[in-house]
Structures are given as structure tokens and as C-alpha cells.
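Observations on chain architecture
One letter stands for each residue in the lines below.
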Amino acid sequence: SYTALETYKTCPLKYKFSEIDRIRVPKSKEAVFGTLLHSALKFLFSRDPLYPTLDEVINFYLSGWTEYAPKTTWNSDTEEKMFREYGIQILKRFYAANQPWNFNVLDLESRFELPIEDAKTGAIHTLAGIMDRIDKPDENTYEIIDYKTSKRMPSQEGADANLQLSIYHLGLLHRWPQAKDKAIKL
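Thresholds applied
- In every chain, residue numbers begin from 1 and rise along the written sequence.
- Owing to the predicted nature of the model, reporting of local features is limited to residues with pLDDT of at least 70; listing and counting of side-chain atom pairs is limited to 80 or more, with chain, interface and lining totals taken over all residues.
- Side-chain figures throughout are based on the complete set of non-hydrogen atoms in the structure, without hydrogens or water.
- Working definition: helices are DSSP H or I runs of at least four residues, strands are E runs of at least two. Numbering for both runs from the N terminus.
- Here a polar contact is recorded for every N or O atom pair within 3.5 Å, except that within protein the pair must consist of a potential hydrogen donor and a potential acceptor, and residues adjacent in sequence are included only if both atoms are side-chain atoms.
- Grouping buried Ala, Val, Leu, Ile, Met, Phe, Trp, Tyr and Cys residues that are joined through side-chain atoms within 4.5 Å yields what is termed a nonpolar core.
- Exposure is judged per residue with a 1.4 Å probe applied to protein chains only, and the accessible area is read against the type maximum: over 50% gives exposed, under 20% gives buried, and values in between give partly exposed.
- Throughout, a residue-residue contact means that at least one pair of heavy atoms, one from each residue, lies within 4.5 Å.
- At least two bridges found by DSSP between two strands are what make those strands a pair.
- Simply put, an axis is a line fit to the C-alpha atoms, just over the touching stretch for a helix, and the angle between two N-to-C directions goes from 0 to 180 degrees.
- Expected helix span is taken as 1.5 Å per residue step, with the number of steps being one fewer than the number of residues.
- The directions considered for the arc are those from the helix axis to the C-beta atoms.
- Reported orientations rely on four angle classes, namely roughly parallel under 35 degrees, roughly antiparallel over 145, roughly perpendicular from 65 to 115, and oblique for the rest.
- We call a crossing left-handed when the near helix sits turned anticlockwise from the far one by less than a right angle, and right-handed when that turn is clockwise.
- All residues other than Ala, Val, Leu, Ile, Met, Phe, Trp, Tyr, Cys, Pro, Asp, Glu, Lys and Arg, Gly among them, are scored as polar; the first ten of these are nonpolar and the last four charged.

So, on to the side chain of Asp132. Turning to its location among the elements, Asp132 is positioned in strand β2 (residues 124-138). A polar side-chain atom of Asp132 sits 2.7 Å from the main-chain amide nitrogen of Tyr147.

A few words now on the nonpolar core. Core analysis: the biggest nonpolar cluster contains 23 residues, and Phe33, Leu44, Tyr61, Trp65 and Leu91 have the highest contact counts within it. Sorting the residues of this core by element identifies α3 (29-44), α4 (54-68) and α5 (77-97) as the ones contributing at least two each. With 7 residues, α3 is the largest single contributor of residues to this core. Those residues in contact with Leu44 that lie beyond four places of it in its chain are Tyr51, Pro52, Val57, Phe94, Tyr95, Asn98 and Pro100. Judged by nonpolar contacts, the second largest core, of 14 residues, contains Leu114, Met131, Ile167 and Ile184.

Spatial strand order, β1-β2-β3-β4: 4 strands in an open sheet with mixed pairing. At either end of the open sheet lies a strand with only one pairing partner, and these are β1 (105-117) and β4 (183-185). When the angles between neighbouring strand axes are averaged without regard to direction, this sheet yields 35 degrees. Two elements, β2 and strand β3 (residues 141-145), share 4 bridges in a ladder whose sense is antiparallel. What sits directly across from Ile134, in β3, is Ile144. This element, helix α7 (residues 164-175), spans β1, β2, β3 and β4 of the sheet and lies at about 95 degrees to β1.

What follows concerns the environment of Glu85. As for its placement among the helices and strands, Glu85 is situated in helix α5. In sequence terms Glu85 and Lys14 are 71 residues apart; their C-alpha atoms lie 32 Å from each other.

Here the focus is the environment of Ala128. Take Ala128: it is sitting in strand β2. Look at Ala128 and you get partly exposed, because its relative accessible area is 25%. Residues Ala128 and Ile116, spaced 12 residues apart in sequence, show a C-alpha to C-alpha distance of 10 Å.

Okay, α4 next. In this model α4 runs 21 Å from its N-terminal to its C-terminal C-alpha over 15 residues, within 8% of the 21 Å that 1.5 Å per residue would give. Looking at α4, one finds that the buried residues are Val57, Ile58, Tyr61, Gly64 and Trp65. Buried residues in α4, looked at end-on, bunch into an arc of 120 degrees, giving them a common side. Exposed side chains of α4 directed beyond 90 degrees from the buried face belong to Asp55, Asn59 and Thr66. Tucked inside the fold, the buried residues of α4 contact α3 and α5.

Cis geometry is adopted by the peptide bond preceding Pro49, which originates at Asp48 and carries an omega value of -10 degrees. Inspection of the secondary structure assignment puts Pro49 in the loop between α3 and α4. Residues other than glycine seldom take positive phi values, yet Arg22 does so here, at roughly 55 degrees. When its relative accessible area of 52% is taken as the criterion, Arg22 is described as exposed. Notably, Glu109 is not glycine yet its phi reads approximately 45 degrees, a positive angle. Examined against the element boundaries, Glu109 turns out to sit in strand β1. Using a relative accessible area of 32% as the deciding quantity, one classes Glu109 as partly exposed.

Glancing now at the packing of α3 against α5. Between α3 and α5, whose axes approach to 11 Å, the crossing angle comes to 30 degrees. If you check the angle between α3 and α5, you find them roughly parallel. Of the two elements, α3 crosses α5, and the hand of that crossing is right-handed. Along the contact surface, α3 presents Lys29, Glu30, Phe33, Leu37, Ala40, Leu41 and Leu44, while α5 presents Glu79, Phe83, Tyr86, Gly87, Ile90, Leu91, Phe94 and Tyr95. Residues belonging to the contact of α3 with α5 are distributed by class as follows: 11 nonpolar, 1 polar and 3 charged.

In C-alpha cells:
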């Protein structure tokens, strides 16, 4: 996965421990926060049979919070409350700007596996990942959306140099080959 590649780039030993030896460590508070927001955004774009209201999305987020926050290490009750409230603010702003019925969502948390051949050895490696959302805004365009929960958006240069969306692009083309002649927005 992209995350595993980034872990290897940062620290090969950490990669060995997490990906090869499968030594699991508890999720950081930032990871829990991101996971709960991603889950709420998936819920927001899921019709059953109607899209959820903002209150339903916030309640969904808070029910996840009730389950996972007690298992997370917080520096204080104030910090835990700050993260929880910040998530609610994000969801309110996102919902106001992105009513789900205005989008043609093809898939949510779309998993892919992509075989890559090593040109030197012929060995086959698998790139895998989960795309947060795939939209089809018009007949000639696919859009891959990756949610970010950090307070700062990466610069355009940083985003352009980041492999994650490029890997997702390859994953989309592998999964839906008919998209190769279409515009793909990342």
C-alpha cells in the first residue's frame, strides 16, 4: 500500500516490524480521529434509501467516538473534547459545501490490487489500496477523492510529488479499464 511504501521510505525497520513481522501498535489519536471522520464521510455519501441528514451524520460520528475514544490515549479530557468538537465542525462545514445528492458517487472506500512486474527480475509485486471516493461528474471524467484530516492542506508541489494519488490512478485504471480514454481528476 501507499502507507507501507511511505513507512519503508521513512524507516525500513519500522516497515519490517509493521508489514513483515505484523507487530501491531495502538492507533494514534490522530489516526483514530481520521478513521472516525472517514467513516462519517462514507456514511454521508451512502443512500439507504435516502442520504443521511447532517444530524444523522454527526450522530454516526459521535457513536464511533463513544466506542473508540475511550481506547485512545489523550493528554487530557480537554484534548479529547477538542478533537471531538473539531470533527463536528469539519463535518458541518463539509456537509454545507458538499451535499451528497449533488454528486454522482460511483464507489466509496474502493479497494484495489494492482500487479506490478519488476522489469529486472520478472517478480510480480502487488500495489494495494483503498480510495476514499470515486465520482463520475460527467460522462468523460472520473474523479478520485482522498480525504485529508490534517489542519494543513499539502502544497500543490507536495501533492504533485506524492505517490498516493498516482497509485490510486493506476488502481482505478486496473479496476475500470474503460476509464483509460477518460479524464481522471485526482
